[in-house]
Amino acid sequence: MEHTKHIWRAAFLLIAVLTFVIVGRHFLVPKSFGQAGYYRYDALFEHMDKEPRHGAPDACADCHDDIAAAKASGKHAPVQCEVCHDVLSSHIKDGDKFADMRINRNWELCAYCHQRLVGRPALIAQVDIREHLELASGQAIPAEACVQCHDKDAIHHP
Amino acid sequence: MHAQSLNFLFPNDVHIMWSLMIVLYPYITGLVAGAFIVGSLYHVFGRTELKPVSRLAMVASLSFLLVATLPLLAHLGHPERALNIVITPHFTSAMSAFGMIYAMYLILVVLEIWLLFRKEIIELAQRSTGLKRAILKMVALGVYDISEEARRADHRVVKVLAALGIPAACILHGYVGFMFGSVKANAFWSTPLMPIIFLFSAVTSGIAMIIILYETLSAVNGRKISGDCLQSLAGYLWLFATVTVTLEILEIVSLSYAQDEEWLIVGPLIRDKIAFSFIGIQMVFGSLIPFILLGIVVTLKRYLTAGMRNVITFIAALILLIQVFSMRWNVVIGGQIFSKSGIGFRENYIPELGTREGVAAALCIFLIPFLIMGAFNRLLPLAVEDGDAKAGSH
């Protein structure tokens, strides 16, 4: 027993460290944690305080009723305006237009949904971009390739 | 198609999210567990011929353990939030269980190494001066007792710690396999065999790594390699590699024999998509060749010179390290190449070079444990002195 002093010291040190961790953890746990479930309850209110950036699905229809109506009867009906353009709050403040809305004419926008992928459900029309554009191999895809033929009316009402 | 909102999630299931770092992570934790098991063969099961690597194995285990979380942190978008899982762990979360297992295992290994090196720490403290001496004295917890009785007490505690460490090491790594095995949606991962396969390949990689470290360390120090030790390691490596590969094959064979619907996607995955890394590297190059090489070392040992045995074992160990890495790669990347719906495949994954999750970062992370071991060896030699043998309890 008399030659185990170091082992007792180590055990004591270990207990001290564990106590420190357990007590220290207590102070690190956020205040409202666990109040209404296993999460920080205050996070809810911090999020509720934020201005919404997206509009409701028909938010654009108030002012762009012609385009909204065209889109609703076309195949892009399930695609939100904000997916192809930008969030409502980048365009409208207090019910009025205050900045231009982004118009994305880049082919990558369309490719995001229409590029042929084996893993993509067949109910979405897919094209092999290079084949569809009849590009020679090595030829770069022009930035605004798709809108040359699929013009804005066709895009809003495909 | 209904005119419902597609919202902002469409389309998903296109990218391979778990990158090279997620391949590296189970590889490194596997080395942690495997190296520890090698150490325990001596400390718990009294395989005295493994004494020359008993310290090396423990320090290797610790060195890999210290970097085990780095690949995950490099992969996370918000690495600074990683501690949340430790501060507010949820007991139903396997990920947060990892935090606790990791901490427990770290304590065990540090304690065990401290006891193993206590004599050397004290001797070093007595030889040095100034600040170094003060620090080393603190590390020795102020007790300079290296009498027979104290050493015997050390050995008893080491034995208990090592015995506790075996389940801890197995859980630490079994957990990694469990993480993959519990992804229900993934036909290639979702099997209860996953933790077991991971565990066995971890031990394989651990033994292989210790062989390589031992031979390298001996060459650097100009010491003789212990024939008994290497012969025994080669035998264990052969055994564990064989079990590992058998399990890996059994898993695929049962999938293919049952011909469930998941085979419709896993079959083409193995045949076409990961044929090179699975059949080529993991099965033929990585398993068959070491099986033959180690078979020669184990069964024909009478006809081999010591030099030949060392070289053959070294090569087999190196190949098995590659095999285990390719197994991790095939599980992690292969499991993501096909769509979870089983409808088809994605683009193949090629890791970038210079990004946060790229090849260069992975190599840097993998280098750190060796630097730690080198620094440790400089301070406290990893090689076990022969004169020490009688102080051992075995």
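Our structure's up above, just so we're on the same page.
Let me sum up the structure you'll find in this document. Quick caveat: nothing in here was measured; it's all calculated off a predicted structure.

Residue and element names in this part refer to chain A. Here His85 is to be found in the loop between α4 (81-84) and β1 (92-93). Between the alpha carbons of His85 and Asn106 there is a distance of 11 Å; along the sequence they are 21 residues apart. Sequence-distant contacts of His85, that is, excluding residues within four places in its chain, are made with Met101, Arg102, Ile103 and His156. One polar contact links the side chain of His85 to the main-chain carbonyl oxygen of Arg102, over a distance of 2.9 Å.

Here the focus is the interface of chain B and chain A. Of the residues lining the interface, 35 residues belong to chain B; the matching set on chain A comes to 32 residues. Roughly 2,700 Å² is buried in total at the junction of chain B and chain A, and carbon and sulfur atoms are behind 74% of that figure. Here chain B and chain A share 0 salt bridges between them. In this structure, the connection of chain B to chain A is made through 7 residue pairs in polar contact (both at pLDDT 80 or more). Tallying contributions element by element places helix α8 (residues 148-181) of chain B first for the side of chain B that touches chain A, with 5 residues. The residue makeup of the side of chain B that touches chain A, split by class, is 21 nonpolar, 10 polar and 4 charged.

Residues and elements named next belong to chain B. Where helix α1 (residues 20-43) meets α8, the closest approach of the two axes is 9 Å, and the angle between their N-to-C directions is 155°. Compared by their axis directions, α1 and α8 come out roughly antiparallel. Two packed elements cross with a definite hand, and for α1 against α8 that hand is left-handed.

Another aspect to go through is empty space enclosed by the protein. Residue and element names in this part refer to chain B. Counted under the stated rule, the structure contains 3 cavities of 30 Å³ or more. Only α9 (194-221), α10 (227-258), α12 (275-299) and α13 (306-332) provide two or more residues apiece to the lining of the second largest cavity. When its residues are assigned to classes, the lining of the second largest cavity shows 7 nonpolar, 2 polar and 2 charged.

Here Arg55(B) lies in helix α2 (residues 51-67). Within polar-contact distance, the side chain of Arg55(B) engages the backbone oxygen of Leu116(B) at 3.0 Å.

Pairs of aromatic rings are described using the distance from one ring centre to the other and the angle between the two planes. On inspection of all chains with the given rule, the structure shows 19 aromatic pairs over all chains. Centre to centre, the rings of Tyr27(B) and Phe325(B) are 5.1 Å apart; their planes meet at 85°, and the pair counts as edge-to-face. Of this pair, Tyr27(B) sits in helix α1 while Phe325(B) sits in helix α13, and the two are 298 residues apart along the sequence. Note on Phe180(B) and Trp189(B): the rings are 4.9 Å apart at their centroids and 80° apart in plane angle, and the pair reads as edge-to-face. Between Lys93(A) and the ring centre of Phe98(A), over which it is positioned, the NZ or CZ distance is 5.0 Å.

Conventions adopted
Residues numbered from 1 in each chain as written. Chains lettered and ligands numbered in written order. Predicted model: local features only at pLDDT ≥ 70, side-chain atom pairs only at ≥ 80, totals over all residues. Heavy atoms only, no water. Helix = DSSP H or I, 4+ residues; strand = E, 2+ residues; numbered from the N terminus. Contact = heavy atoms within 4.5 Å. Polar contact = N/O pair within 3.5 Å; in protein donor to acceptor, adjacent residues only side chain to side chain. Buried area = accessible area lost by both parts, 1.4 Å probe. Salt bridge = Lys/Arg side-chain N within 4 Å of Asp/Glu carboxyl O. Nonpolar A, V, L, I, M, F, W, Y, C, P; charged D, E, K, R; others polar. Axes fitted to C-alpha atoms, helices over the stretch in contact; angles between N-to-C directions. Parallel < 35°, antiparallel > 145°, perpendicular 65-115°, else oblique. Left-handed = near helix turned anticlockwise from the far one by under 90°. 1 Å grid on protein atoms, 1.4 Å probe; cavity = no way out; pocket = protein on both sides within 12 Å on 5 of 7 lines; lining within 4 Å. Points joined across faces, edges and corners; volume = space filled by probe spheres on them. Phe/Tyr/Trp six-rings, centres within 6.5 Å; stacked < 30°, edge-to-face > 60°. Lys NZ or Arg CZ within 6 Å of the ring centre and 35° of its normal.

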